Amino acid sequence: MSFVPGQPVTAVVQRIEIQKLRQGNNLILGFSIGGGIDQDPGQNPFSEDKTDKGIYVTRITPGGPADVAGLMMGDKIMQVNGWDMTMVTHDKARKRLTKKNEDVVRLLVTRKSLEEAVKHSMGTYHKQ
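Residue positions are given per chain, counting from 1 as you read along its sequence in written order. Reporting in this predicted model follows two pLDDT cut-offs: at least 70 for local features of residues, and 80 or more for side-chain atom pairs to be given and counted; totals over whole chains, interfaces and linings ignore these cut-offs and use all residues. Side-chain calculation: all heavy atoms of the structure are included, whereas hydrogens and water are not.

Relative to the elements of secondary structure, R111 occurs in the loop between β8 (104–110) and α3 (112–121). For R111, the side chain forms a polar contact with the side chain of Q14, separated by 3.0 Å. Side-chain atoms alone can form a polar contact between residues adjacent in sequence; in general such a contact is a pair of N or O atoms within 3.5 Å, and within protein one must be able to donate a hydrogen while the other accepts it. Here the side chain of R111 touches D75 through a polar contact of 2.6 Å, side chain to side chain. Any pair of residues with heavy atoms lying within 4.5 Å of one another is described as a contacting pair. Not counting residues within four places of it along the chain, the set of residues in contact with R111 comprises Q14, I16, G70, L71, M72 and D75. The secondary structure listing takes helices from DSSP runs of H or I that are at least 4 residues long and strands from runs of E that are at least 2 residues long, numbered from the N terminus.

Next comes the structure, spelled out in structure tokens:
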């Protein structure tokens, strides 16, 4: 999926709700992120478009809250609890995900397999 900054984005998304795990004073999500508008998009192994500065899931803790909820490595996070995540810094994304007063994180994510499934069902999928 590629996009032009400032232009509308069309994406196939999936809703994922993660119940944070409480460990002492910490709330655990069980995943790590990479990317952001302040990061080098060329370093992102999950994006074919090396200008994409989106926020991607880079690690999932097996059996953790994100794994149980169905989040996958390589998912691109489009929204967190209604907040747009397509043009944020890495630090802003991290802060949105780790708010102490939120026990649940509702994500909208897109992943390559979702887009391919929709293209295939519409008859526009061409193998290269």
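Alright, that's what it looks like, and here's the rest.
This part covers unusual backbone geometry. Unlike most non-glycine residues, N81 shows phi in positive territory, near 50°. Turning to its location among the elements, N81 is positioned in the loop between β6 (76–80) and β7 (83–84). The classification of residues rests on relative accessible area computed with a 1.4 Å probe and restricted to protein chains. Under 20% of the type maximum is buried, over 50% is exposed, and intermediate values are partly exposed. The partly exposed category is assigned to N81, whose relative accessible area is 23%.

Attention shifts here to the side chain of D52. You can see D52 is positioned in the loop between β4 (31–35) and β5 (55–60). Residue classification places D52 among the buried positions, given a relative accessible area of 3%. At 2.8 Å, the side chain of D52 and the backbone nitrogen of G54 are in polar contact. Side chain to side chain, D52 and Y56 meet in a polar contact 2.5 Å long.

By themselves, these are just geometric observations and shouldn't be taken as functional.
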